[in-house]
Each structure stands twice: as C-alpha cells, then as structure tokens.
Amino acid sequence: MAIILPIGGGKGGSGKSFLSGSLGVLLAREGFRTLVIDVDLGAANLHTIIGVPHPRLSLSDFINKRVSTLTDTIISTPTPLLFMISGAMNNLDIANLAHEQKIKVLRHIVKLPYDYILLDLGAGTSFNTLDFFMISDHGIFVTTPEPTAIENIYRLIRSVYFRKIRKALDTHHFQNLAREAEERDPMAKVTNPDRLLAVVRELDPERGEVLAGELRSFQFKLIVNQNRKQDNPHIGAMICKIISRHLDLKIDFLGNVAFDDRVHNAVCKTGLFIDLYPFTQTVHDLRQCLRNLLLNSATAGKCDRTGSVNEF
Amino acid sequence: MNSEQRINKMINFRGHSLYEILEVSADASPYEIRRAYQDIYDLYAHESLASYSFFHEEERQELLADLEKAYLVLIDEGSRRNYDQRLIAQGLLNEEMCYRDRVREPVPLYPFTRENLARGRKQHRPPPIDDAGEDTTYMNAIEPDSPPADETAMVAPVAGSTPNPVRICDLQQKEAVSGLDLQNCRLQAGVDLKEIAIRSKIKMSMLEAMEGDRYDLLPPLAYLKGFLRIYAQIIHCDPEKIINGYIKQMQSVQGGSP
C-alpha cells in the first residue's frame, strides 16, 4: 500500500507545488515508485514544475469518464520512476467537484500501486482541500515565515485536525459518546480534543483508548518554505511546539527550505530547479527535508489505515 | 460546520504545574528557569510570529500572565520552596527531586572510604584538595601543576553523593574566630600557607597577618571579607562562619570600632 502524503498550505504562493514536485523527483531518484497528483483543481500548475508543459491526459478525463480507470490518466515524466496525474486543462467547473466524484477519485487513489503518492493541494480550507487530507494519516503542511502564511496554516491544521477527529468519531460510531461527553462537560468538544478525550475516557475507558489511538495515529509534518537569511530559523520548531502544547497534536518539523530567487528562473524555463541549480542551499534543504520525512515514516510504523476511505 | 472554522476556546495552562508550564524539571536551577522563561515567552509574546493569530488577545494576555506568575514563583527561592512543599504535600513531587542549591554546601574534605585510603597519597603535593577531588568531577579537571585556578573553579559545586561529609573543624560552637583558629583549621586540612597564596593570589605577608591577628596590617573590611572567603574555600570551611567569626573577634579586640 502506498504512503499517501497530502501537501497543503493555507496561503497561495507558499510553494506547495514546488515542494510537491521537488520532493517527488527526489523520492523517485531515491528509487521509490512515486506518483504526484495535482489536485489543486481550479489552478493546476504542477505539470509545469516537473517538466511536462503539455500533458496529454488529466484528472478531468477520468471524472468525465473519457477514460475508464484512474490508472489510464497517469503519464510519465522526464524523471524515471516519477509519474503524475495532471490537473491541467481541467474543465472550468472542476474546481467545484461534487462530493460523489471526489469520493470516487479518493477510492481510486488509495488503490494505486506506488510507494509514495504525493497530493498537491490547493490553498485555503475548502472542503475540496480538507477531504483530500482525510485520505491518509499523513499530511505535510507548508508555510512561509510570514504572519499571513502562518495565520492560514494554523487555520488549515485546525480544520484538518478537527475534521479528522470528527471522522474518527463517525467511523467508530462514537457520536452518542461524544454527545454524552459534551453534556457532561460543555468544554469537551471536538475543538478541544484534550478535554474530550479525558471525558470520553471517564465515560468509557475502552472506547477512550480507541479514540486516543486514533488521535496518536495522525502524522502531521511541517515545512517552512522560502526561509530567508534574516528569518528566524527556529520558527518552524516554535510553531510545532505551540501546536503540540495547545492542540494536543504531535507535528514533526521537517526543516526550513531556503528562499532562492532562481526558483523563478527554473519555473520560467519549465525545467527542474533541482537539476538547473543542484548545488544551492535550497536543494540541500530539500534533501534534508526528504531525509527527515523518510526517517519519520520509517520510525512511525507503516500502519497506513487508508482503507477507511470507504467509510466516508 | 461553523464550529470547525471557529477558533477554538483555548486550552489554558490550568491543571499544569508551574514546572510544566515552563517545561523545566523540578530540580532546575534558577539559571535554567530564567532561560526556559525567555524561550517560552518568545512563543507567546504579542509580537511573536510563531503564535501569530493562534490565540485571541484575551487568551494571550491570560497565558502571558500565567507564564509570568510561574516564573516569579519559581525564580524566588522562598516562594519556590513554599510551592515545592505544597506539591510534596499533594504527593505530586518527591522530596529528593526538589532543587537544592548545592553550591553553598561545605565540600567534603576527607572521603574516608576504604578504596580512597587504599589508593594512597601522592607525594609531591599536599593531599587534601587533590584527594577530596576524588568524587568531584571539577577538581580532577585542575591540572596538578597548573597555575592557580581561578576563583570559579574553587567554588564550583560538588555532587552531593558522598554521605556524611567530614569537616575539618567544627566552627559551630565557636562564636568568634581568631587567627590561631584559622591556622589550626588550615593545618588540620593539611594545606600549606604557600599553596593558599598561590591559589588565591593573596600576598604571603597578608595571609601571615591574618593568621597572626595583626589587625593593623589588614586591608579595609570589604577586601578582608573577600580574602577570608577565598581562604575558607581553599581549606573547605564554611566561608560565612569564618568571615563573621573573624570580624567579630577583630571588633571585640579593637573595642567595638571596626
């Protein structure tokens, strides 16, 4: 079963597509069969970043039933072992994907035979974005060291986290338990996981353990992108600390990625930044992030419970 | 799904001990506490980028107030001891886990254990300081023939692992300390006057004057206190006792005038 990594960030322009593409290329070069999927449905860009300016097929071919399976929309890229599903030339109304279609896409994604599947998500906290986070326990959040991006990333992390808790309650038919908990202690809401868990444990220790296991299984990760020299390099670790202290959520900091003006050049040439400027701090940082990511998923166990997509 | 979008009502620090708030262990030194407070303050400060938009303004005020309270309680020796006592009474803290200011405890001089005695003494040096250093890490760090160690090394703390520290002379009963008493203590400790002169950088003549009760040759009180403190530290006596006792003796001899 593939490890699915949704990559999201609250703010546009924070480098989600750049990171998805670069991490995808690096993963493929490490020898993993990797698939990147552009699910930034209204504003797909990823194909340009990984060097496929004119993809023949895209996700909308599957949604509009021009091809029968999702596998048929997969195209190869200049990098061996790296494959992609493009979002280019989607129909203009695809940004507002119907729920059933989304579920269909998600179900097909989890069945794809790859080592890693990276989902390049759009900005914001719309349901389109949040639902793609529900597909796996993992999640990579991208921010820049600016108040605007940080504000949005907190919103996104909260939205994803609370939605995941709600889903966990639903899949185990804990809604009654959650309601009971809230009656006993009005503070014990989904938005206050710490308290909710404590009250649920009190009411029903066994199911409390199940819920605690669910909460622990989330493997969220943070990357601070476009880190300039004058920025505080510890900002990512500080964000993780705030989240773990106040949301009771473990989130790993994968690293800073240095800002580089030449990313712009690489995108304009529709070439890979990693190949055009291989000896820059930025590429070094990307490799470091990847190393941390692999280390992280190796130690965290491979219990990727992607099967739960069926219970949407 | 409105509640999902709404910023949740914050979990505050309630239910956490002050140590947990500052993320320090119960035996953290004041220095560590100050550092921890600075680090955590950076997270919650108004201008902090890391927690930008994470808290409402009231929440932030409340958290900062809690943080400051935790710091003020723990940084003050007296209030920290009271707080520790409360935790111990509630069974949340073990007595041994509390912080003790070990720097001020007298250093054990003769660890009379079999192995130390069996090991024998080195010939070329007066033994006490060297041997006392057997259980102390810092003493071993001083090279035998190095120039006089600086003052900080001499007052460095000792791990409180040795039970029953043997003290050379018990000054508990003595109210006043004369030069002769000093000399006796020093001889019991087996420390040569010359060694004190080298380590403390105090002139030989001054040390002799101190031991000989030649009050007319002694420097002003402030300097004298400093000299006595270093002297006491080298012979491993309680500096406060020696300073107070010596000055008392001096004043009684001089008839009350300093």
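Because the structure is a prediction, the values reported are computed rather than measured.

Before going further, it helps to examine the overall build of chain B. Scanning chain B from terminus to terminus reveals 14 helices and zero strands. Element order for chain B, N to C, with α for helix and β for strand: α-α-α-α-α-α-α-α-α-α-α-α-α-α. Per-residue burial for chain B yields a buried fraction of 42% across its 258 residues. Accessible area for chain B stands at about 15,100 Å²; split by element, carbon and sulfur atoms hold 51% of it.

What follows deals with the overall build of chain A. A count of helices and strands for chain A gives 13 helices and eight strands. Here chain A, with 312 residues, has 59% of them falling under the buried criterion.

Let us now look at the side chain of Thr282 of chain A. All names here are of chain A. In this fold, Thr282 is placed in helix H13 (residues 281-299). Thr282 sits in the buried class, given a relative accessible area of 1%. Among all residues touching Thr282, those that are not within four sequence positions of it are Phe18, Val257, Ala258, Phe259, Asp260 and Phe273.

This paragraph deals with the packing of aromatic side chains. All names here are of chain B. The final tally for this structure, using the stated rule, is 16 aromatic pairs over all chains. A ring pair is formed by Tyr19 and Tyr83, whose centres lie 6.1 Å apart and whose planes are at 50°; its orientation type is tilted. Here Tyr19, found in helix H2 (residues 18-22), pairs with Tyr83, found in helix H5 (residues 77-89); they are 64 residues apart in sequence, far enough to count as distant. As far as burial versus exposure is concerned, Tyr19 and Tyr83 are alike and both buried. On the numbers, 4.2 Å between centres and 15° between planes, the contact of Tyr37 with Tyr71 is stacked. Placement of Tyr37 in helix H3 (residues 30-44) and of Tyr71 in helix H4 (residues 57-75) is noted, with a sequence separation of 34 residues between them. Relative accessible area serves as the criterion here: at 15%, Tyr37 is assigned to the buried category.

A separate point is the interface of chain B and chain A. Between chain B and chain A, the contact holds 26 residues from the first and 29 residues from the second. For the pair chain B and chain A, the two sides together bury roughly 2,600 Å², of which 58% comes from carbon and sulfur. For the pair chain B and chain A, the interface holds two salt bridges. In this structure, Lys241 of chain A and Glu23 of chain B form a salt bridge, with 2.8 Å as the shortest nitrogen-oxygen distance. At the boundary of chain B with chain A, the tally comes to six residue pairs in polar contact (both at pLDDT 80 or more). Sort the elements by how many residues they give to the side of chain B that touches chain A and H3 of chain B lands first, with four residues. Taken together, the residues of the side of chain B that touches chain A break down into 15 nonpolar, five polar and six charged.

We now examine helix H9 (residues 205-217) of chain A. All names here are of chain A. A rise of 1.5 Å per residue sets the reference length of H9, with its 13 residues, at 18 Å; its end C-alpha atoms lie 18 Å apart and thus fit the reference within 8%. Listed as buried for H9 are Gly208, Leu211, Ala212, Glu214, Leu215 and Ser217. The secondary structure elements touched by the buried residues of H9 are helix H6 (147-171), helix H8 (193-203) and strand S7 (219-227).

If you look at soluble globular proteins, the nonpolar side chains tend to sit buried side by side. Formed by 132 residues in total, the largest nonpolar core has its most connected members in Ile109, Ile117, Leu119 and Phe141 of chain A together with Tyr44 of chain B. It is H6 of chain A that provides the largest number of residues to this core, a total of ten residues. Sequence-distant contacts of Tyr44 of chain B, that is, excluding residues within four places in its chain, are made with Ile242, Arg245 and His246 of chain A together with Phe13, Ser51, Phe55, Arg60, Leu63, Leu64 and Leu67 of chain B. Of all hydrophobic cores here, the second largest spans 28 residues; its members include Leu193, Ile196, Met206 and Leu218 of chain B.

Another point: the side chain of Thr73 of chain A. Residue and element names in this part refer to chain A. Along the chain, Thr73 falls in the loop between helix H3 (59-63) and strand S3 (75-76). Looking at Thr73, the relative accessible area reads 0%, which means it is buried. Leaving out residues up to four positions away in the same chain, Thr73 has contacts with Leu57, Ser58, Asp61, Phe62, Val67, Met84 and Ile85.

On to the sheet that holds S7 of chain A. Residue and element names in this part refer to chain A. With mixed pairing, eight strands are arranged side by side in an open sheet as S3-S4-S2-S5-S1-S6-S7-S8. The open sheet has two edge strands with one neighbour each: S3 and strand S8 (251-258). Summarising the sheet, strand S2 (residues 34-38) and strand S4 (residues 82-85) pair through four bridges and their orientation is parallel. Across the sheet, Leu35 pairs through a bridge with Phe83, a residue of S4.

Moving on to the pattern of salt bridges. In this structure the tally under the stated criterion is 15 salt bridges over all chains. The partner of Arg229 of chain B in a salt bridge is Glu240 of chain B, and the shortest N-O contact between them spans 3.0 Å. With Arg229 of chain B in helix H13 (residues 221-234) and Glu240 of chain B in helix H14 (residues 239-253), this residue pair connects regions lying eleven residues apart in the sequence. A cluster of three or more residues bridged by salt bridges with shared partners is formed by Lys102, Asp131 and Arg163 of chain A.

All names here are of chain A. Burial analysis of strand S5 (residues 116-120) places five of its five residues in the buried class, which makes it a mostly covered element. The alternating pattern of S5 places Tyr116, Leu118 and Asp120 and Ile117 and Leu119 on opposite faces, both of which are buried. Bridge count for strand S1 (residues 3-8) against S5 is five bridges, and the pairing is parallel. What sits directly across from Leu5, in S5, is Leu118.

Here we take up the packing of H8 of chain A against H9 of chain A. Residue and element names in this part refer to chain A. Two elements in contact, H8 and H9, have axes whose closest approach is 6 Å; the angle formed by their N-to-C orientations is 150°. In terms of their interaxial angle, H8 and H9 are classed as roughly antiparallel. As H8 packs across H9, the resulting crossing turns out to be left-handed. Every residue of H9 that contacts H8 at Pro193, Leu197, Val200, Arg201 and Leu203 is listed here: Pro205, Arg207, Gly208, Glu209, Leu211, Ala212 and Leu215.

What counts, and where the lines are drawn
- Residue numbers run consecutively from 1 along every chain, following the written order of its sequence.
- Each chain is given a letter, starting from A, and each ligand a number, starting from 1, according to the order in which they appear as written.
- The predicted origin of the model limits local features to residues at a pLDDT of at least 70 and limits the giving and counting of side-chain atom pairs to 80 or more, whereas totals for whole chains, interfaces and linings rest on all residues.
- The side-chain figures draw on all heavy atoms in the structure; neither hydrogens nor water molecules are used.
- A run of DSSP states H or I qualifies as a helix once it reaches four residues; a run of E qualifies as a strand once it reaches two. Both are numbered from the N-terminal end.
- Only protein chains enter the calculation, and the probe is 1.4 Å; a residue is then buried if its accessible area is under 20% of its type maximum, exposed if over 50%, and partly exposed in between.
- Note on areas: these come from Shrake-Rupley sampling with a 1.4 Å probe, and a residue is covered only by the protein chains present in the view.
- Contacts are assigned to residue pairs with any non-hydrogen atoms lying within 4.5 Å of each other.
- Side-chain rings of Phe, Tyr and Trp, where Trp is taken by its six-membered ring, are said to pair if the distance between their centres is within 6.5 Å; with planes under 30 degrees apart they count as stacked, over 60 as edge-to-face, and otherwise as tilted.
- By buried area we mean the combined loss of accessible area, with a 1.4 Å probe, across both parts when two parts are placed together.
- Definition used for salt bridges: Asp or Glu carboxyl oxygen within 4 Å of a side-chain nitrogen of Lys or Arg.
- Pairs of N or O atoms are called polar contacts if they sit within 3.5 Å, as long as, within protein, a hydrogen donor faces a hydrogen acceptor (for residues adjacent in sequence, only side-chain-to-side-chain pairs).
- Just so you know the grouping, Ala, Val, Leu, Ile, Met, Phe, Trp, Tyr, Cys and Pro go in nonpolar, Asp, Glu, Lys and Arg go in charged, and all remaining residues, Gly too, go in polar.
- The span you would expect from a helix comes to 1.5 Å times its residue count less one.
- Buried Ala, Val, Leu, Ile, Met, Phe, Trp, Tyr and Cys residues form a nonpolar core when they are joined through side-chain atoms within 4.5 Å.
- When DSSP finds at least two bridges between two strands, those strands are taken to pair.
- To obtain an axis, a line is fitted to C-alpha atoms, over the contacting stretch when the element is a helix, and the angle between two such axes runs from 0 to 180 degrees between their N-to-C directions.
- Working definition: roughly parallel below 35 degrees, roughly antiparallel above 145 degrees, roughly perpendicular at 65 to 115 degrees, and oblique for all remaining angles.
- It is the rotation of the near helix from the far one that decides the hand of a crossing: anticlockwise by less than a right angle makes it left-handed, clockwise makes it right-handed.

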